[in-house]
Structures are given as C-alpha cells and as structure tokens.
Amino acid sequence: MTVLGITDFWTYVLGVVAIILLPGPNSIFVLSVGARRGVRAGYLAAGGVFLGDAVLMILSATGVASLLNTYPPLFLVLKYAGAAYLLWVGVNIIRSAWGRWRNRGGATTVTTEDMPGLQHPFRRAAVISLLNPKAILFFISFFIQFVEPGYPHPALSFLVLGAVVQFFSLLYLSALIFGGRFMAGQFQQRRRLAAGASTGVGALFVGFGIKLATASAG
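Remember, it's a predicted structure, so these values are computed and weren't measured experimentally.

Turning next to the overall build of the protein chain. Each helix and strand in the protein chain was counted, giving nine helices and two strands. Put simply, the protein chain runs from its N terminus to its C terminus through helices and strands in the order β-β-α-α-α-α-α-α-α-α-α. Counting over 218 residues, the protein chain shows a buried share of 46%. Relative to all contacts within the protein chain whose residues are 6 or more apart in sequence, the contacts with residues 24 or more apart total 85%. As displayed, the protein chain has an accessible area near 11,300 Å², and 69% of this comes from carbon and sulfur atoms.

What follows is about helix α3 (residues 39–61). The terminal C-alpha atoms of α3 lie 32 Å apart, and with 23 residues this matches the ideal 33 Å at 1.5 Å per residue to within 8%. Of the residues one or two after α3, Gly 63 is the one with positive phi, at around 85°.

In this section: the UniProt feature "transmembrane region" (unreviewed entry) in the protein chain. Using the residue numbers shown here, the UniProt feature "transmembrane region" (unreviewed entry) corresponds to residues 12–31, 43–68, 74–94, 125–144, 156–180 and 192–213. The annotated region residues 12–31 carries 85% helix and 0% strand content, and the separation between its end C-alpha atoms amounts to 26 Å. Secondary structure across residues 156–180 comprises 100% helix and 0% strand; the distance between its end C-alpha atoms is 35 Å.

Take the packing of aromatic side chains next. Scanning the entire structure with this criterion turns up four aromatic pairs. A ring pair is formed by Phe 9 and Trp 10, whose centres lie 5.1 Å apart and whose planes are at 75°; its orientation type is edge-to-face. Of the residues examined, Phe 9 reaches a relative accessible area of 26% and is grouped as partly exposed. By relative accessible area, Trp 10 is classed as exposed at 64%.

Per-residue pLDDT for the protein chain averages 77, and the proportion of residues at 70 or more is 72%. Per-residue pLDDT, averaged within each element of the protein chain, yields its smallest value for helix α4 (residues 67–70) (63) and its largest for α3 (91). Confidence drops under pLDDT 50 across residues 106–116; counting only partners more than four residues distant or on other chains, this segment forms 18 contacts.

Moving on, we get to a nonpolar patch on the surface. On the surface, Val 3, Leu 4, Leu 156 and Leu 159 cluster together to form a nonpolar patch covering roughly 350 Å² of accessible area. Following the sequence through the fold, Leu 4 ends up in the loop between β1 (2–3) and β2 (6–7). The partly exposed category is assigned to Leu 4, whose relative accessible area is 41%.

The next point concerns the packing of helix α2 (residues 25–37) against α3. Contact geometry for α2 and α3: axes closest at 7 Å, N-to-C directions at 160°. By the angle between their directions, the pair α2 and α3 is classed as roughly antiparallel. Between α2 and α3 lies a crossing of right-handed hand. Here Asn 26, Phe 29, Val 30, Val 33, Gly 34 and Arg 37 of α2 come into contact with α3, specifically with Val 39, Ala 41, Gly 42, Ala 45, Ala 46, Val 49 and Asp 53.

Turning our attention to α2. Over its 13 residues, α2 runs 17 Å from end to end, which matches the ideal 18 Å to within 8%, given 1.5 Å per residue. Residues of α2 that are buried include every one of Pro 25, Asn 26, Ser 27, Ile 28, Phe 29, Val 30, Ser 32, Val 33, Gly 34, Ala 35 and Arg 36, and no others. A positive phi of about 100° marks Gly 38, the residue just after α2.

What follows covers the environment of Ala 203. Residue position: Ala 203 is located in helix α9 (residues 191–214). Sequence separation of Ala 203 and Ile 94 is 109 residues, and the distance between their C-alpha atoms is 7.2 Å.

This part takes up the environment of Leu 161. You can see Leu 161 is positioned in helix α8 (residues 154–189). Accessibility expressed as a relative area gives 0% for Leu 161, which makes it buried. Placed 149 residues apart in sequence, Leu 161 and Tyr 12 show a C-alpha to C-alpha distance of 8.3 Å. Look past the residues within four positions of Leu 161 in its chain and what remains in contact with it is Ile 6, Tyr 12, Phe 143, Phe 146 and Val 147.

Definitions and cut-offs
Residues numbered from 1 in each chain as written. Predicted model: local features only at pLDDT ≥ 70, side-chain atom pairs only at ≥ 80, totals over all residues. Heavy atoms only, no water. Helix = DSSP H or I, 4+ residues; strand = E, 2+ residues; numbered from the N terminus. Buried < 20%, exposed > 50% of the residue type's maximum accessible area, 1.4 Å probe, protein only. Contact = heavy atoms within 4.5 Å. Areas by Shrake-Rupley, 256 points an atom, 1.4 Å probe, with all protein chains shown as cover. Expected span 1.5 Å × (residues − 1). UniProt positions renumbered as here; feature names shortened; annotations may be inferred. Phe/Tyr/Trp six-rings, centres within 6.5 Å; stacked < 30°, edge-to-face > 60°. pLDDT = per-residue confidence, 0-100. Patch = residues over 30% accessible without salt bridge, like charges linked within 9 Å, V, L, I, M, F, W, Y side chains within 5 Å. Salt bridge = Lys/Arg side-chain N within 4 Å of Asp/Glu carboxyl O. Axes fitted to C-alpha atoms, helices over the stretch in contact; angles between N-to-C directions. Parallel < 35°, antiparallel > 145°, perpendicular 65-115°, else oblique. Left-handed = near helix turned anticlockwise from the far one by under 90°.

Here's what the structure looks like:
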C-alpha cells in the first residue's frame, strides 16, 4: 500500500529517526554552538543544517547527486574536501580552547573572536552539511527508494519525505540546543571545563575528518 506515492512510510520514519540520532558533525556542531553562543546562534546553526539537507534532498530527487555514483572521481573530490573542512573546523576549535586555557586568569567574558571554530554558525553548518558524503549517500540510497516508480507526482512524494526528515531533525537539534544552553551556564563558571569540552569537540571534528578521508565509498 502506498500513500502519496510513498512506499513503506513507517519503515522510512523509523529509519530517519535512527539515522538522525546517530552522532555526526552536524549535530555536534549545533550542540557546540548552542553551548558556547546560546539559543539564537544554535538555531542559526540548525538553519544551516536544514538548508544543507534541503539542497541534498533536491539534488537527490532530481537525480543530480547520483552522478557521484556514476563518476567516482567526483565523489572522491567531495569526500576529501569535506574531510579537509572538518579537520580545519576541529583544529580551529582546539586552538581556541588552548588559547582560553592559557588566558584562564584573565577576563571571563567570551566573545565570538575567542571561538573561531564557531563563528558564522549558519554558513558553517550549511557547508558542513553539504560537504558530507555520508549524508549524500544516505539521500541517494535511502531517501529515494521510498518513492513508488511511475507515480505521476513524485515531487509531492519527495516533499513529504523531506518534511519528515526536517521535522525530526528540528526536534533533535532543538533538544541539543537547549541542552547546550544548560551546559553554557556551567562553562561560564568553570573555564577549565569549557576549555576541556571545546578541546573534546575539536578532537571529534578532527576524528570525523580522518574517518571521512579514510572511509570507502561503499
């Protein structure tokens, strides 16, 4: 049974929830921005994730993203560009954390200049999302297979599937943002904790970059 050209809708929903709950660079970045810069900046980062995912969904629905499977060199270029960007973000966050640690006896006010890895949250989150080959492969291999071949209005099917992804992503990222806001209060009082947590986040991004660079396309 299909509804609006969508096959196995509830299987799709369960799969989306499971995939969204898996930790990744998008969610870690949003959590970090929420913790270090507050709710407003956290939602700016979430907006970048939504935009990046929307672009990937559109590319997948129109068949453009499948070119990455047809031409493996294109996938490799994207993979290494994404890995380099994640490494760059991670190194900047670690450098910022070390700088705060060295200056822990100074002023307690934290500015955006103190957090080069978390500046421009909307733009940076969008780039992280767009340069994530794993997300592209998800939309190619999972997203499109739930649309019934031959359905006369496939755009409607993809719109519904995309809305499901964005809805659960909004719930999850909102929880991370407000959880990060709670952490922010702890960070403001404990600079060592803040520096240690930032170093851990930076290390995660470096790890994501290394993992992405060494992962196979399959």
